[in-house]
Amino acid sequence: MSHESPETFADQVRAIPGGEHLEMCYSCGTCVSKCLIQQKVEPEYNPRRLLRMVMMGLREEAFRSPTTWLCSACDLCYPACPQQIHISGVIGAVKQLAIEAGYESPLETVSVDETLCSGCGICVMACPYEALHLVEKEIEGEMDLVSEVDANKCLGCGICVAACPLGAISRPGISNQEVVAQIEVPTDGAPRLITFVCDWCLRADDDVSLLESYPDNVRVIHIPCSGRIDPQMALLALRSGIDGVLVCGCAPGECHYKRGTYVSSCKISLLNRMFDQMNVGDGRVRFVQIGTQDRGCIRTEVDAMLEYLAAWKEAQ
Amino acid sequence: MVDAARHPKVDVRTYTEVERVDGFVGNFKVLLREKSRYVYEDRCNGCGDCAKVCPIEVPNYFEVNLAPRKAIDVPMSQAVPLVYNIDLDACIHCYKCVEACGKLDAIDFSMEDKLVWEDVGSIIVATGYAPFDPSVMPEYGYGRFPNVVTAIEVERLGNSAGPTAGNLIRPSDGTNPRRLAIINCVGSRDKRFNPWCSNFCCMYAIKNAILLKQAYPDMDITIYYIDIRTPSKGYEEFYDRAREMGIHFIQGRPSLITEDPETRNLFVHSEDMSLGHVIEREYDMVMLNQAAVPQPDVDTVSSVLNISQSPGGWFMEYHPKLRPIDSPTDGIFLAGACQGVKDIPASVAQGSAAAARAGRVLHAEEWEIEPAVAVVWEDRCVSAKGKKCGICAEACPYNAIEVEQGKAAHVITAKCHGCGGCVAECPHNAISQMHFTDAQILAQIHALLADRPEEKILAFRCHWCSYGGADLAGTSHFEYTSNERGLRVMCSARMDADFIYEAFRLGAGAVLYSGCHPQDCHYITGQRIGAHRAERLLKQFEKMGMTPGRFRVEWISAAEGDKYARVINEMQATLDAIPKEQLLEEIERLRPRMEKRARRMREVPQVGEALEYAGELKAAIAERKA
Amino acid sequence: MAAPDAKPKLAFYWAASCGGCEITITELGMRLIDVGDLVDIVFWPCAMDFKYSDVEALGDGEIDVCFFNGAIRCSENEHIANLLRRKSKLLVAFGSCAYEGCIPGLANLYDAESVLERVYDTAPSLDDSRGTRPTPSSQVPEDKIEIPVFYDRVKTLAQTVDVDYFMPGCPPVVDQVWNVFQTLLAGELPAKGAIIGADAKTNCDVCPRQKGESGMRIKEFKRPHEVTLDPDVCFLTQGILCCGPATRAGCGLPCINGNMPCRGCYGPPDGVVDQGSKLLSAIAALIDTDEPEELPRILDTIVDPTGTFYRFSLADSILSELKYKRG
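Quick notes on the overall build of chain B
So, point 1. A tally of regular secondary structure across chain B gives 17 helices and 27 strands.
So, point 2. The C-alpha extent of chain B, read off along each of the three principal axes, is 95 × 70 × 40 Å.
So, point 3. Across the 626 residues in chain B, those meeting the buried criterion constitute 41%.
So, point 4. Long-range contacts, defined as pairs at least 24 residues apart, comprise 70% of the intrachain contacts of chain B with a sequence gap of at least 6.

Some points on the overall build of chain A
So, point 1. Within chain A, the regular secondary structure consists of 14 helices and eight strands.
So, point 2. On the principal axes, the C-alpha backbone points of chain A span a range of 85 × 55 × 30 Å.
So, point 3. In chain A, buried positions account for 51% of the 316 residues.
So, point 4. Of the contacts formed within chain A by residues at least 6 apart in sequence, a portion of 72% connects residues at least 24 apart.

Focus on the interface of chain A and chain B
So, point 1. Contacts between chain A and chain B engage 23 residues on the former and 23 residues on the latter.
So, point 2. Of all the elements in the fold, those that place two or more residues in the side of chain A that touches chain B are α2 (30-34), α3 (37-40) and α4 (47-55) of chain A.
So, point 3. No other element matches the four residues that α2 of chain A contributes to the side of chain A that touches chain B.

Side note on the sheet that holds strand β9 (residues 165-167) of chain C
Residues and elements named next belong to chain C.
So, point 1. In spatial order, the strands read β2-β1-β3-β5-β9; together these five strands make up an open sheet with parallel pairing. Among the strands making up the open sheet, the edge pair consists of β2 (40-43) and β9. When the angles between neighbouring strand axes are averaged without regard to direction, this sheet yields 25°.
So, point 2. Note that strand β3 (residues 63-69) and strand β5 (residues 88-94) share five bridges and pair parallel. Among the inter-strand pairings, Cys66 is bridged to a residue of β5, identified as Leu91.
So, point 3. Docked against the sheet, helix α4 (residues 75-87) engages β1 (9-14), β3 and β5, running at close to 135° with respect to β5.

Describing α4 of chain C
All names here are of chain C.
So, point 1. Between the first and last C-alpha of α4 there are 18 Å, a value that for 13 residues agrees with the 18 Å anticipated at 1.5 Å per step.
So, point 2. For α4, every residue scored as buried is listed here: Asn77, Ile80, Ala81, Leu84 and Lys87. End-on view of α4: buried residues confined to an arc of 135°, all on one side of the axis.
So, point 3. Taken together, the buried residues of α4 touch β1, α3 (52-57), β3, β4 (72-74) and β5.

Brief notes about the interface of chain A and chain C
Quite often, the size of an interface is put as the accessible area lost when its parts meet.
So, point 1. Taken together, the 35 residues of chain A in the interface contact 38 residues of chain C.
So, point 2. Of the residues forming the side of chain A that touches chain C, the biggest block, 11 residues, is contributed by helix α13 (residues 260-277) of chain A.
So, point 3. Considering only residue class, the side of chain A that touches chain C consists of 23 nonpolar, eight polar and four charged.

Focus: the environment of Val218 of chain A
Residues and elements named next belong to chain A.
So, point 1. By the secondary structure assignment, Val218 is in strand β6 (residues 218-223).
So, point 2. Spatially, the C-alpha atoms of Val218 and Ile242 are 9.9 Å apart, while their sequence positions differ by 24 residues.
So, point 3. Val218 has contacts with Leu193, Thr195 and Val302, leaving out every residue within four places of it along the chain.

Some details on the packing of helix α11 (residues 438-448) of chain B against helix α13 (residues 497-505) of chain B
Residues and elements named next belong to chain B.
So, point 1. Between α11 and α13, the shortest axis-to-axis distance is 10 Å and the interhelical angle comes to 25°. The orientation of α11 with respect to α13, classified from their angle, is roughly parallel. Seen along the crossing, α11 lies across α13 with a hand that is right-handed. Contact with α11, carried on its side by Ile441, Leu442 and Ile445, involves Phe499, Glu502 and Ala503 of α13 and no other residues of that element.

Some details on the domain arrangement of chain B
All names here are of chain B.
So, point 1. Splitting chain B by domain gives domain 1 (130-293), domain 2 (369-434) and domain 3 (436-625).
So, point 2. In this structure, domain 2 and domain 3 have C-alpha centres spaced 24 Å apart.
So, point 3. Contact residues are listed per partner, giving 15 residues for domain 2 and 20 residues for domain 3.
So, point 4. Breaking the side of domain 2 that touches domain 3 down by element, the ones donating at least two residues are α10 (421-425) and β23 (431-433).
So, point 5. Considering every element that reaches the side of domain 2 that touches domain 3, the biggest residue donor is α10, with four residues.
So, point 6. Among the residues making up the side of domain 2 that touches domain 3, the classes are represented as seven nonpolar, seven polar and one charged.

Concerning the sheet that holds strand β1 (residues 16-24) of chain B
Residues and elements named next belong to chain B.
So, point 1. If you walk across this open sheet you meet the three strands as β1-β2-β7, and the pairing is antiparallel. Two strands in the sheet have a free side with no partner beyond their single neighbour: β1 and β7 (114-120). Pairwise comparison of adjacent strand axes, ignoring direction, gives a mean angle of 20° for this sheet.
So, point 2. In the sheet, strand β2 (residues 27-34) pairs with β7 via seven bridges, with the strands oriented antiparallel. Considered in β7, the bridge of Leu31 is made with Trp117.

Here we look at the arrangement of the chains
So, point 1. With two pairs of chains in contact, the largest contact count belongs to chains A and C.
So, point 2. The two partners chain B and chain C share no contact, and the minimum distance between any of their C-alpha atoms is 18 Å.

A word on the pairing of strand β8 (residues 285-290) of chain A
Residue and element names in this part refer to chain A.
So, point 1. Within β8, five of the six residues are buried, leaving the element largely enclosed by the surrounding structure.
So, point 2. In the sheet, strand β7 (residues 244-250) pairs with β8 via six bridges, with the strands oriented parallel. Looking at the pairing, Val245 lines up with Val285 of β8.
So, point 3. For the crossover that starts at β7, traverses α13 and ends in the parallel β8, the hand is right-handed.

Section: the nonpolar core
So, point 1. Counting 184 residues, the largest nonpolar core has Ile159 and Cys160 of chain A together with Phe68 of chain C as the members making the most contacts within it.
So, point 2. Broken down by element, the residue count for this core peaks at eight residues, all from α13 of chain A.
So, point 3. With residues near it in sequence (within four places) discarded, Phe68 of chain C still touches Tyr13, Ala15, Ala81, Leu84, Leu91, Val92, Ala93, Phe94, Ala98 and Leu157 of chain C.
So, point 4. Counting residues in hydrophobic clusters, the runner-up holds 81 residues, among them Cys392, Val423, Ala510 and Tyr523 of chain B.

What about the confidence of the model for chain B?
So, point 1. For chain B, the average pLDDT comes to 94, and 100% of its residues sit at 70 or higher.
So, point 2. Overall fold confidence for the complex sits at a pTM of 0.83, while the interface term, ipTM, reaches 0.92.

Remarks on the domain arrangement of chain A
So, point 1. When the domains of chain A are assigned, the result is domain 1 (9-100), domain 2 (111-170) and domain 3 (176-315).
So, point 2. Taking the mean C-alpha position of each, domain 1 of chain A and domain 2 of chain A sit 29 Å from one another.

Here we look at the packing of α4 of chain A against helix α7 (residues 87-100) of chain A
Residues and elements named next belong to chain A.
So, point 1. In contact at an axis separation of 11 Å, α4 and α7 are set at 55° when each is read in the N-to-C sense. What the angle tells us is that α4 and α7 run oblique. Along this stretch, α4 crosses α7, giving a crossing that reads as left-handed. In this structure, α4 uses Pro47, Leu50, Leu51 and Val54 to contact α7, whose residues at the interface are Ile87, Val90, Ile91 and Val94.
So, point 2. In the contact of α4 with α7, the residues fall into eight nonpolar, no polar and no charged.

Quick look at unusual backbone geometry
So, point 1. Looking along the chain, the bond that leaves Val80 of chain B and enters Pro81 of chain B is cis, with omega of -10°.
So, point 2. Among the secondary structure elements, Pro81 of chain B is positioned in the loop between β5 (72-73) and β6 (85-86).
So, point 3. Each neighbour pair has its own omega, and for Cys170 of chain C with Pro171 of chain C the value is -10°, a cis peptide bond.
So, point 4. Residue placement: Pro171 of chain C occurs in the loop between β9 and α8 (174-185).
So, point 5. Positive phi, normally seen in glycine, also occurs at Glu140 of chain A, with a value near 45°.
So, point 6. Take Glu140 of chain A: it is sitting in the loop between β2 (132-139) and β3 (142-149).
So, point 7. Residue Tyr38 of chain B is not a glycine yet carries a positive backbone phi of 65°.

Criteria and cut-off values
- Residues numbered from 1 in each chain as written.
- Chains lettered and ligands numbered in written order.
- Predicted model: local features only at pLDDT ≥ 70, side-chain atom pairs only at ≥ 80, totals over all residues.
- Helix = DSSP H or I, 4+ residues; strand = E, 2+ residues; numbered from the N terminus.
- Buried ≥ 20, exposed ≤ 12 C-beta atoms within 10 Å, placed from the backbone.
- Contact = placed C-beta atoms within 7 Å.
- Pairing = 2+ DSSP bridges.
- Axes fitted to C-alpha atoms, helices over the stretch in contact; angles between N-to-C directions.
- Expected span 1.5 Å × (residues − 1).
- Arc of directions from axis to C-beta.
- Nonpolar A, V, L, I, M, F, W, Y, C, P; charged D, E, K, R; others polar.
- Parallel < 35°, antiparallel > 145°, perpendicular 65-115°, else oblique.
- Left-handed = near helix turned anticlockwise from the far one by under 90°.
- Domains from an automatic or database assignment.
- Right-handed = clockwise from strand over helix to strand, strands pointing away.
- Core = buried A, V, L, I, M, F, W, Y, C linked by C-beta atoms within 7 Å.
- pLDDT = per-residue confidence, 0-100.

See below:
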């Protein structure tokens, strides 16, 4: 028998930048409850257990684990980890090895309509995960530079969908047409509000059901990330007779898709600057950033918006 | 405390600070500031009439600000001595207290702090710990959510002498909580704040839970923990009792607390490790079992007493296993949590031990110290010739050297611990260290580099760390080049620049300058002196055009045998990478400059003889080889 | 399109515009003579002597194609637009002003009174203390004078009358004009409402500039005069706000080849309703910072966001609609 110890799975993970501090984990579970994926998407999601699988050499289990594929590297857990393990880095390392071993992401990803794509590269920059690249391809008989999705890297946040100037990118459920189709004007006379709410900013189930419990005049449109919002949607809503638009995203530094909340904040802020320039700036499109500890704040925000819109209608 | 105060041989000074400590083991002179209470200790009978009439209320530190105290008050009801004092910052000088005090005439607003010198033989430091302030951890909302409280707050709220007479209430609405969560390891075992385990909090959480469960049998109490640590006698049995009483234990460190803005109830988000599920449970109150941290003024205390700190700010013991009660300064002893977090039994044990160690000093006629102390060649000291110098005194980590212009520097032998920093720093070679004289060390350098010096790696190692590291490399069979030649001194502070110049003058291939990591230095700040010098040397050699890596500086602990071996092997690789002719050419080129720098070494008494002997040795080796 | 025995009748008109579109037509140069052989120009007030009455004298639908440039700014523009619509078989919104409002459309940032105040009172080049204002109707000794009413809002041609085709560009480039003439004269009519004389995709599709190593990550928006521009590198990479990503291709990139960023005159590509907000959405995704405090500072470097994102399309934007819907 050889005395050389073969490179273990844990060694391989540790060798990848980000995977270094794997063994420091003392299994306190902070990362598991800080993250929202288990609560909202996948009961089997558990970073602590994935780290354990790696330490114990359970290679196949780790590659098949939803944790490997669902982590969005939002790094909510990293600053909370008492052992200061860069957990998303470790998960990223496992994912890299899984991809090398031929495993594929089970997530639904965006797709590019290559006949529409102009190869401007905006989406490449917009993507928080480097999941899009420009490639030279033969499209309808001609060589053209177009964007291509790496399905193993895309997490489906939709920031690129909003950023694409040609509407060439989409994902089932959040395509431009599907989102715009949800902008219906309620018939009720009360202030008509559309709330675009990102899937992650409301931590408590209580808050989610509270939002659904508002009467018809408050329409709720769920989007994966506030970065998916396109200011054109807010304009279309206002044009169609909606009184106000409230966009809810994560607090700075807590965005599930890293940069979505910044992108969204830029968009709404620029839109409001233009409203001011046009002298139509009256606070009817708002962006609120909801932090992990802001339990119950959605009620305050929606109520404040409704009260404001009622007064605004009165003044009209 | 009352017993101590009554003991004829114990003099209790409360409300008193140590301002300065002079002298040495058995002969300390301590300057005390007895702070003014504005109340005469010998006249006040503790009746409290003054506090009753005082109109001013200020936050009560003892009650963690949960209750007020008066501007004239006692710090707590069991205070010893039971003497009132006035918080002059809050006092409005209405003098109602003076009136109330009446004939006792114990209050005097003109009183001032008193400074007194006391002679003592030994000193015991027992300054304790401070509770960690959890408001720096936003995730738990302490300071933001009123019903998130600290363990000390619960302690006061549950105490029959406390502000609520033992009625545990929610700060938000004064009701009794029905559901209480206790979160352990708040600020401990947390690299963001304090990496250490705070030792007693597991037991403390269980104690609080049991007491509260006894007082409120219907209360639902849950303890969130990472690990429950019950290592001492009877502890595990106590833990069992808590479980039997129906106290819940959830293994999972909460990541977040949220609050219902209306009910002010709290939601604790954690993983239940046994289930593998994230759980969000609602509580009426959450107790944060906060870490124990060093007192905020440890730096002042360590500089007044001249004792060092371990990483984190606990006072450092002389040796973690063999002399855990002694501080690095003879005659000063450590007791209790100031040396490291410990629970009551351990604190009592250490206190008793410290008393016994202190007693040894008090009873001794003479005191033995390590012999490797510094001595001054008085005829060489420039201070004796009326020049201003004092470099040796500045270098001494123990304030063991007194310099008075016109007199030679004087080493207080009892305070000297023998690091040798002053010896290496003295620009006039006017101090020597017993057992580590310049002559002895130079003779060793000559001997070690007697044969084919250009192939040798001369390694200066400090006794406590890098020497231990080299030793460990040997015992662990970590292989490193046989061209290494080790030379031990007590501390990197002793590694005189002249030794390095001399080594290179003799043609050493490479020189390692190694010692403790800064925080591990056995001689408080010795490593800092050494490190500073090493940096200067690195720059000098770089300017001279020496191949980088021929002079190397590394801090290696006694536990880093692997590092020692690696460093030496890397140095060998550096040497191997230089073509032989080039190396010899470089040695020749730099020799005159090294010679010039090391020249004055030869004036030091005994060095001449030592080198003569080394010369003979070298000749003998050459003869034998021939 | 025209009766076999008669040459097709063409009309050109110039409403609220700068005249650049007219110059483009003259830039056809010698080809204009060919056009003259093939068609009858029945109305072209800029180049030839016609009176409105000449148009009024024509029968309805007698003009085969009318190329209408300029936005609708005043009652006269509106009147002629209606007249030409009635007289023409095909009405083409020619150039950015007629298509989407263009630079005149930026006046929608202000109301009519503010515009007049600026032009007649506060412009630094003025020295007139009489407080002169154009009055729609005034009595002079000889007669009563009526001048067109200056509207509060600039409209596009399509917001005024029914338009058959749209031809973007400020001005449309001459080769595209020639293509359009040939296409229409050959009777190859695209579907009504089509954008003609342009491509479907955006300028980035044809732009030769390189994105550079680090790509288009923007920490500060710069203006062209503030930097030395690299002629081979994408403007956005250089921090210059270029409208190319959301602007229809077809111009042949004269600005970009002249080392100036695209300003967006060819309008939005297919499928985009509101060019400005779409451009905003794309540009916002390039802003590169993790510091929330940084964002306002970066956004401040976009001087005049409306004028930048909607430089040519404000009159045709939802933003304008919202403003004038409120009255």
